[in-house]
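# Structural overview
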Amino acid sequence: MGRIAPRFARVEPRRRAREFVLGLLSDLPRKNCWTLAEHAGNATPDGLQHLLSRARWDADAVRDDLRGFVIEHLQDDEAVLVVDETGDLKKGTATVGVQRQYTGTAGRIENSQVAVYLAYSTPRGHAAIDRELYVPRSWTQNAARCQAAGIPETVRFATKPALAARMISRALDAGVLVSWVAGDEVYGSNPHLRAALEHRQLGYVLAVARDHQITTRAGKIRADTLVERLPKRAWQKLSAGAGAKGHRYYDWALADIAGAGAGHRHLLVRRNRSTGELSFYHCYSATRVPLSTLVKVAGRRWTVEETFQSGKGLAGLDQHQVRRWTSWHRWVTLAMLAHAFLATATAHERTHARAAEDLIPLTCNEIQHLFTTLVTQPTHTAAHRLRWSNWRRRHQARSRVCHYQRQAGSQP
């Protein structure tokens, strides 16, 4: 919190931000301004709501501090930038960016809000360092709707790969030293993103669909058709990294493909040793690298899923109940900061603390539990709890009256 303190011009929002992050790091079953304020000992949620909506501070500047904090504690020569999006299911139409769209969170088309994240992944740990809210065309083509949600006039429609390219460029321009980018099919199928990465001579291992068109010296061919022509000796058994149940072994094959400009381009293919299911990756590197290096980068992509899981489960990344542009960016940035603390503390303990042989290494979950129990566990009186019960019921009673009045006014 000392690192981001200069981003707040006044002491009041600085203290509120600390209360907010400590609440996100707590073991509250549900995290919103009401529960966080009660946890902090406040009489009402007004202060935390003011922090998210009207207080003067720059969430992008805090994001830059967060990125520096993560790099400082997790920096590694094998670091990979991983891009991916995640969706939060929402009701109604007023929340910024919401529309019916596909989200992997539900595995189907739902009313949801989608954002693209950039994670910094190393063998020691991983954490999100940037975020971009995806604003669909149904929003950017409706000026009144954007104005109501507080979206700046400068915001234009951008695809998810374009948002990913923006965040990657921002990280590189800030001095983040990495050699690789990983992502799923949404990003691998986009030629503009691949061209932007090649322009900066940044290697990538991006997933593509089985019908992805590969350029060879003999012309274009589907990825799955090209695999059928590979000899048996092309396949090698390699680990994509350690998982919860040990190393994840697959069969891998590599085929050279053509492309404009310097560098080396390949189609990387992964085959499940049990089911035979195939996965495909479009790869680029400025210099020739062995198959094992590409396999490690491909395996690192899954760490962003772990980042989402722990960010949502431990730091309330998806539990916001805010509707406007500024509030969303502020909530998400502080949630990323809370998760980054857990990720870096876990990496530090695993590196410097010698665990007993009969114990597994510390996890983000256990770090959060210990931090809450030993450091931040608040003790509030029964009177404080009863005041909050009365406040919630009074607020809900006013909401019910207003709802009934609106219903009566809308009836003919």
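Residues numbered from 1 in each chain as written. Predicted model: local features only at pLDDT ≥ 70, side-chain atom pairs only at ≥ 80, totals over all residues. Heavy atoms only, no water.

This paragraph deals with a nonpolar patch on the surface. A cluster of nonpolar residues, Leu370, Leu374 and Val375, forms a patch on the protein surface that exposes about 300 Å² of accessible area. Position of Leu370 relative to the elements: it lies in helix H14 (residues 364–376). (Patch = residues over 30% accessible without salt bridge, like charges linked within 9 Å, V, L, I, M, F, W, Y side chains within 5 Å. Areas by Shrake-Rupley, 256 points an atom, 1.4 Å probe, with all protein chains shown as cover. Salt bridge = Lys/Arg side-chain N within 4 Å of Asp/Glu carboxyl O. Helix = DSSP H or I, 4+ residues; strand = E, 2+ residues; numbered from the N terminus.)

Looking at the largest pocket, its volume works out to about 1,200 Å³. Secondary-structure elements contributing two or more residues to the lining of the largest pocket are strand E4 (125–133), strand E9 (236–243), helix H11 (291–300), helix H12 (303–315), helix H13 (325–352) and H14. Tallying contributions element by element places H12 first for the lining of the largest pocket, with six residues. Class assignment of the residues belonging to the lining of the largest pocket gives a composition of ten nonpolar, 15 polar and seven charged. (1 Å grid on protein atoms, 1.4 Å probe; cavity = no way out; pocket = protein on both sides within 12 Å on 5 of 7 lines; lining within 4 Å. Points joined across faces, edges and corners; volume = space filled by probe spheres on them. Nonpolar A, V, L, I, M, F, W, Y, C, P; charged D, E, K, R; others polar.)

Our focus in this paragraph is helix H1 (residues 11–24). The end-to-end C-alpha separation of H1 is 20 Å, in line with the 20 Å expected for 14 residues at 1.5 Å each. What H1 keeps buried is the set Pro13, Ala17, Phe20, Val21, Leu22, Gly23 and Leu24. Its buried side turned inward, H1 meets helix H2 (33–40), helix H3 (46–53), H12, H13 and H14. (Expected span 1.5 Å × (residues − 1). Buried < 20%, exposed > 50% of the residue type's maximum accessible area, 1.4 Å probe, protein only. Contact = heavy atoms within 4.5 Å.)

On to the environment of Glu38, then. Among the secondary structure elements, Glu38 is positioned in helix H2. The class for Glu38 is buried, based on a relative accessible area of 12%. As a C-alpha pair, Glu38 and Arg67 span 29 residues in sequence and 30 Å in three-dimensional space. Not counting the four nearest positions on each side in its chain, Glu38 is found in contact with His380, His384, Arg385, Trp388 and Arg392.

Looking now at the pattern of salt bridges. A full pass over the atoms with the stated rule returns 23 salt bridges. Across the pair Asp130 and Arg131 runs a salt bridge whose closest N-O atoms are separated by 3.8 Å. Each member of the pair, Asp130 together with Arg131, is buried. Here Glu132 makes a salt bridge to Arg170, at a shortest N to O gap of 2.9 Å.

Turning our eyes to something else, we now look at the packing of aromatic side chains. Tallying each qualifying case throughout the model produces eight aromatic pairs. Taking 5.0 Å as the distance between ring centres and 90° as the angle between the ring planes, the aromatic pair formed by Phe20 and Trp331 counts as edge-to-face. On the criterion of sequence distance, the pair formed by Phe20 in helix H1 and Trp331 in helix H13 is long-range, its members being 311 residues apart. Judged by centre distance (6.1 Å) and plane angle (70°), the rings of Tyr134 and Phe157 are edge-to-face. Here Tyr134 is found in the loop between E4 and helix H5 (137–140), whereas its partner Phe157 is found in the loop between helix H6 (143–148) and helix H7 (160–173), with 23 residues between them in sequence. Linked through ring pairs, Tyr250, Trp252 and Tyr281 together constitute an aromatic cluster. Taking the ring centre of Tyr134 as reference, the NZ or CZ of Lys160 above it sits at 5.2 Å. The ring of Tyr249 carries the charged tip of Lys237 above its face, separated from the ring centre by 4.9 Å. (Phe/Tyr/Trp six-rings, centres within 6.5 Å; stacked < 30°, edge-to-face > 60°. Lys NZ or Arg CZ within 6 Å of the ring centre and 35° of its normal.)

To continue, consider the pairing of strand E7 (residues 213–216). Side-chain direction in a regular strand flips from residue to residue, so the side chains alternate between the two faces of the sheet. Burial along E7 is one-sided: Ile214 and Thr216 are buried, and none of Gln213 and Thr215, which face the opposite way, are. Pairing analysis gives four bridges linking E7 to strand E8 (residues 219–222), with the strands arranged antiparallel. Its bridge partner being in E8, Thr215 is matched across the sheet by Lys220. Connecting E7 to the next strand, E8, in antiparallel fashion are two residues. (Pairing = 2+ DSSP bridges.)

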